[in-house]
Amino acid sequence: MHDTFLEYVLDDLHNKQPDITRCTYILPSKRSGTFLKKHISNRLKKNIFSPEVLSIQEFIGKLSDLNQAPNIDLLLLLFRTYKESQIDESDDFASFINWGQTLLQDFNEIDGYLIPAKDILNYLSAIKEINHWSANKEKTELVENYLKLWKNLETIYNNFYEALLEQKRGYQGLIQREAVKAIQNGEYKEALKNPIVFVGFNALNAAESNIIQHYLEQGNAHIYWDIDSHFLNDPIHDAGLFMRDYQYNWPYYKHQHKIEPQSNFLEKKNITITGVPKSISQTKYVGQLLESIGQQQDIDLTKTALVLADETLLNPMLNAVPSTIPKVNITMGMPLNKTVLYSFFVNFLELHLNVSEQGWFFKRVQEFISNPYTLTLSNERQGNFAQHLSKDIKEGNILYLNQQLLAKYPKAQELLSIIFPGNTLTPKGWISHCLFLIERLKIIYQEKKNALELEYLYRFYVLFNQLDQYLDKVEFMGELKSIKNLFKQLANMESLDFIGQPLTGFQIMGMLESRNLDFETVIITSVNEGVLPSGKSNDSFIPFDVKRDYGLPTYKEKDAIYVYHFYRLIQRAKNIYITYNTEPDVLEGGEKSRLITQLLTDKNLKQHITHTIASPKISIDPKPLIQIEKDGKFMEDLKDFAQNGFSPTSLTNYIRNPIDFYTRNILKINDLEEVEENIAANTFGTIIHDSLEQLYTPLVNQLLTEENIQSLKKQVPEVVQHHFTKNLSGVDVSKGKFLLVYNVILKYLHNFLDDELRQLKRHEIKILALEERYEEYISVPGLDFPIKLKGTLDRVDEFDGTLRIIDYKTGKVEAKNVKITDWETLITDYDKSKAFQLLCYAYLYSKKYNASDIQAGIISFKHLGKGLFPFSEDKDTRIDSDTLATFENYLFQLIREICNTAVPLTEKMD
């Protein structure tokens, strides 16, 4: 048995006599070529020139004499070809790029599988015509354009193909089709000088299959398949799907040759399958696993590989690798669109895509100025503009930022003129501004000597220059939105490469990088359905049945590719650790993969497998309740607060949670102010309160009449508009969400006035006071300092001679909130806070006017139809002197508790 497949290939070649140093080796990827050269060098006794080692793409490129064009170049040329066909003049590049990539992929498959384009594209056009058949002869313009595209698909394909051939460039499928033509026409003989060795292929398209068969039949070529007999001889195992097909259908194997499998899979192995909840937990688990592996004497870390089936886990995985592992080689690049710097430029782009005549929308501004790179730019030399700007936006409730506000930051004017220019940015202008920001960041990171950040900046510097060059070539990108998808596509294709030693150390790689490579210890993560294998995907315009009819690969074949890679990776390994996510969701794959189920049900492996579920070690200690002792400083602050006055709200804050009372009322720490894009509940209530006060003030000390109320109804829109402007500066109530809120408030006030009119038909109402502030000093037995009680009563009126105190509420109110049966709950249960407030108001009013027999209640604007919710004690709605005396006792009890130094402030849990 050989340790690796590549060593087996070289030993077998040595036995067959060709000089291994004079062969040309063709492999699926460049990476496995590096390892092959290492194995060849280990067998040499003297220095030689390296034999030719090519990837299959390089080899086919030589045959066709065409160069692979970058994906963006292909998309730009395809768009130009599409526009020349004049299908839909309104289509721009921004919308085209969303489906152009899929079309390009389909062209690639059609060519790679050597399918006559005319046949399949016309067949596709006929299918689309049937799908959109309608009894109406007249088709809409949209359907016409759609069908026109499919009818012209063959023309687009032919023009695109010819344009690429003129440029001596192509996509992979086109290059392969041209290579097949070249060898069929006998145009390429050079490769026959040395024996050609094809190593470790699996899923070949028709073009690759034809080319390899051509050289095998010439007699001067060898082919090695990395397949185990356990899979090849099993008629239904997907790992051997493609090799079985070649064995039965290739003329080369129908004659004297046969595929020679190896037998390693059933050798003794230790397979550990572990279910871990969520993807990030998998990286933590693997980190712990690596730490324990590093301490085992029988495991060589230089022969260990970590294969990430989900490559987006690279970043968290790098943070989880323990520092005890001396050398780590990362064969995957980090895509630029996964970096924080990418989000900085996307935020900058979104900022300018959302600019209007009013200015820059605050949400996009906040996203941009809170980005770590903006905060880096916003240093002391720039007057920390980002922090100040964020504060000003919140305090001023600024929905749209304009140049007038930016003038407040003189130190940062140069930088702000780049971030917030006075004119609308063109694509070219946006790129030049991005390059300016890169230059500024470069200076900062050079001072900090941060090499990684400088590398990120350099990659984006190159990317923006590439983007600039593309814009020079095209004339259809006049608007900024058209560059968005192009920038995203480029950032997705480009990656930040990690420089390491590919032949030494612990290896971290993706599934495709593992081709032809073998390791003693293998760790594979994210073995879930939808990740490994990837499952069904709709990234093609060609329907499943058409693909099957023409021999194009469907999701079944694509799944079989990953099944092969999975089994090939573990067939020679001695220690295998497989992890999967036990909590499947849309973003992180489905249930545990069928590959795990296959392993668990394979009777040959049962004794070698351990299957466990790893639960993260989480210990939840009961959180101790916060306690604050009432020391001298606290009592000083409390006395100052008592001098200023206890309000009903501050007292109910204490009832709800004494810590809230301490932070909000004593320390004056309020919730963070945010820009009100949607109106906050307290602002909504303030507008209603202020509007009612302004409307009713001329009617104080008067009996209300129907004529009065009718005249008030006419004033409502103007009054509400005024208070909107007063409470929410910079808000436009003529459109959007605020127009809806404005209309809700109008509806509430009209409903309130209509209810007032109904009451006036049967009752006499006289307004006595509106929004009147009351303050009373009270002497609480046991306290040596005076206490002020204060409150603002929304409305005091006489209703058929009964004195009423009314509190307006725009929030939810239920009858139970204002009813009490047990007085103790008044100062212990926050649900009774509204009853407590009403009694406070009645108490203050009676102190000032020596009144009794009062009714106090709440008018809820959410339940205007239910009328007044009156305070009641055992169904009695009158508040007389006895009620007020009882309330006073409980009020004094509450205040004494607040002021008692022996009773600490103790947090109440919800």
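Residues numbered from 1 in each chain as written. Predicted model: local features only at pLDDT ≥ 70, side-chain atom pairs only at ≥ 80, totals over all residues. Heavy atoms only, no water.

### Topic: the sheet that holds strand β12 (residues 359–361)
Sheet strands pair by backbone hydrogen bonding; their relative direction is either parallel or antiparallel. Ordered by their spatial adjacency, three strands build an open sheet running β11-β12-β13, and the pairing between neighbours is antiparallel. A single partner strand is all that each edge strand has here, and the edge strands are β11 (355–356) and β13 (400–401). Pairing of β12 with β13, which is carried by two bridges, proceeds in the antiparallel orientation. Within β13, the position partnered with Trp360 by the bridge is Leu401. Helix α17 (residues 362–369) contacts β12 and β13 of the sheet and is inclined by roughly 70° relative to β12. (Pairing = 2+ DSSP bridges. Helix = DSSP H or I, 4+ residues; strand = E, 2+ residues; numbered from the N terminus. Contact = heavy atoms within 4.5 Å. Axes fitted to C-alpha atoms, helices over the stretch in contact; angles between N-to-C directions.)

### Points about empty space enclosed by the protein
In total, this model carries one cavity of 30 Å³ or more according to the counting rule given. When its volume is computed, the largest cavity comes out at roughly 30 Å³. Lining the largest cavity, in full, are Leu103, Asp106, Phe107, Ile110, Leu121, Leu124, Trp150, Leu153, Phe541 and Ile542. At the level of elements, α5 (93–112) and α6 (117–131) are the ones that each hand at least two residues to the lining of the largest cavity. Considering every element that reaches the lining of the largest cavity, the biggest residue donor is α5, with four residues. (1 Å grid on protein atoms, 1.4 Å probe; cavity = no way out; pocket = protein on both sides within 12 Å on 5 of 7 lines; lining within 4 Å. Points joined across faces, edges and corners; volume = space filled by probe spheres on them.)

### Side note on the pairing of strand β16 (residues 521–525)
A regular strand carries its side chains on alternate faces of the sheet. Where burial is concerned, most of β16 is hidden: five out of the five residues are buried. Neither face of β16 is exposed, since Thr521, Ile523 and Thr525 on one face and Val522 and Ile524 on the opposite face are all buried. By the bridge criterion, five bridges tie strand β8 (residues 304–308) to β16 in an arrangement that is parallel. Paired with Leu308 across the strands is Thr525, a residue of β16. Pairing of β16 with strand β17 (residues 575–581), which is carried by four bridges, proceeds in the parallel orientation. (Buried < 20%, exposed > 50% of the residue type's maximum accessible area, 1.4 Å probe, protein only.)

### Here we look at unusual backbone geometry
One non-glycine residue, Asp65, adopts positive backbone phi at about 60°. Looking at the secondary structure, you find Asp65 in the loop between α3 (56–64) and β3 (67–68). You will see that Asp874, though not glycine, has its phi angle at about 50°, which is positive. Inspection of the secondary structure puts Asp874 in the loop between β26 (872–873) and α35 (881–899). Taking the relative accessible area as the measure of exposure, Asp874 reaches 52% and is therefore exposed.

### Observations concerning the side chain of Lys269
Looking at the element boundaries, Lys269 is found in the loop between α13 (251–254) and β7 (270–276). In this structure Lys269 is buried but unpaired, with Asp228 as the nearest side chain of opposite charge at 7.0 Å. A polar contact is formed between the side chain of Lys269 and the backbone oxygen of Phe265, at a distance of 3.3 Å. Every residue in contact with Lys269, bar those within four places of it in the chain, is listed here: Asn264, Ile570, Gln571, Arg572, Ala573, Lys574, Ile576 and His608. (Lys, Arg positive; Asp, Glu negative; His and termini not counted. Salt bridge = Lys/Arg side-chain N within 4 Å of Asp/Glu carboxyl O. Polar contact = N/O pair within 3.5 Å; in protein donor to acceptor, adjacent residues only side chain to side chain.)

### Observations concerning the pattern of salt bridges
By the definition in use, this model includes 35 salt bridges. A salt bridge links Arg594 to Glu529; its shortest N-O distance comes to 2.8 Å. Residue Arg594 is located in helix α27 (residues 594–601), and its partner Glu529 is located in the loop between β16 and α25 (544–550); the two are separated by 65 residues in the primary sequence. Glu529 sits in the buried class, given a relative accessible area of 16%. Of the charged contacts in the structure, one is a salt bridge between Asp637 and Lys633, with a shortest N-O distance of 2.9 Å. Taken together, the residues Asp637 and Lys633, both in helix α28 (residues 632–644) and four residues apart, mark about one turn of the helix. Classification of Asp637 by relative accessible area gives partly exposed; the value is 24%.

Function-wise, these values are silent; they only describe arrangement.
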